[in-house]
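What follows is the residue order along each chain.
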Amino acid sequence: MASLVLLGFGSRLTAGSDPPLTLDYYAKSCPTVLEIVRKEMECAVLSDPRNAAFIVQLHFHDCFVQGCDGSVLLDNTITLRGEKLAPTNIHSLGGFRIIDRIKNKLESECPGVVSCADILTIAARDAIILVGGPYWDVPLGRKDSRTASYELAAANLPAPDESLPSIISKFLFQGLSVTDMVALAGAHTIGMAQCKNFRSRIYGDYDLTSSKTLSSESHLNELKSICPPIGRGENNIAPMDYVTPNLFDNSFYHLLVNGEGLLNSDQEMYSSILAVQTKEIVKKYAADPIAFFVQFSESFVKMGNITNPESFVNGEVRKNCRFVNTGAQKDSA
């Protein structure tokens, strides 16, 4: 499906009293930023379509911890405990080298100008486009944090077996609505999940929720071969949308309606007795791909506008996305 242009904004965006993000932030200081990011993402997704999902997931995991400030990209050091080894991140995040490559190109073109947080935000938008999803304009001007939070990564990020009310509360805490939550979950249409994250589902109530067609029964057997009930295969992977795993579409919602969501947390949005509101939204997106694309774009921008006010005051533009700059310098576009 060709990418669909859905959103355009004025040149200036504000969220309450937060510093504004703008569409033309790098127009003078690094006019080729969007082109450079796009070319690198094209290469990455062409070499492996899974890279699109990795980058989108990185952006999500960044924004839910201290806001969209590039903190998820920081490596552990003697003085800084990063987020990469938090329970919800360890062995599941990827795409760091892609961001490194983009950063290296931008440092050659516009040294000390483009933040890692902005790179990740642009790259996530491009990732969606490159696998068939919608286009939207990306507000820019984020700074990179000098800190990370292992504790917040463990607490703020939704888990695969978490209850629907708990996940909703985590989205509301970030200023995102129930509609935003259901729309953003649609990114799982290009995602993969590890056996340890869907084992309880396929050996639990999958049989109860699925439509028990020949295809669904066959798929369940395949999942069980990938993910044995005990003892091994923890990191074996399966697509969360087995129908069109490398295409950004609304197939994910069809699977939920058919009771074939791979993760408990996803299927809960349709099958839980508490899913009164979310069930109707799932049905809407299953029936209307354009409505899904429109809302996903709006919700993704909204998520990307979750700011870390401290980073605007004390933040920086990192030279290397994995490490805080040495010295007391502050870079600005």
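Residues numbered from 1 in each chain as written. Predicted model: local features only at pLDDT ≥ 70, side-chain atom pairs only at ≥ 80, totals over all residues. Heavy atoms only, no water.

Considering the UniProt feature "binding site: substrate" (unreviewed entry) in the chain
The cut-off we apply is this: UniProt positions are given in the numbering used here, feature names are shortened, and annotations may be inferred rather than shown by experiment. Going along the chain from the N terminus, every DSSP run of H or I of four or more residues is numbered as a helix, and every run of E of two or more is numbered as a strand.
UniProt's feature table lists "binding site: substrate" (unreviewed entry) at Pro 158, given in the numbering used throughout. Tracing the chain through its elements places Pro 158 in the loop between α5 (150-156) and α6 (164-173).

Re the state of the cysteines
By definition, a disulfide links the sulfur atoms of two cysteine residues through a covalent bond. Rules: Put simply, a disulfide is two cysteine sulfurs that come within 2.5 Å. Categorising residues by exposure relies on relative accessible area from a 1.4 Å probe, with only protein chains included: less than 20% of the type maximum marks a residue as buried, more than 50% marks it as exposed, and the intermediate range marks it as partly exposed.
Across all of its chains, the model carries four disulfides by this definition. Covalently, Cys 63 is tied to Cys 68 through a disulfide, its sulfur atoms 2.0 Å apart. Handedness here is read from the sign of the S-S torsion; for Cys 63 and Cys 68, about 115°, the answer is right-handed. Taking relative accessible area as the criterion, Cys 63 reaches 0% and is therefore assigned buried. With relative accessibility at 3%, the residue Cys 68 sits in the buried group. The disulfide bridge from Cys 195 ends at Cys 227, spanning 2.0 Å between sulfur atoms. An S-S torsion of about 65° defines the bridge between Cys 195 and Cys 227 as right-handed. In this pair, Cys 195 sits in helix α8 (residues 195-202) while Cys 227 sits in the loop between α10 (214-226) and β6 (237-239), placing the two residues 32 residues apart along the sequence. Since its relative accessible area comes to 0%, Cys 227 is described here as buried.

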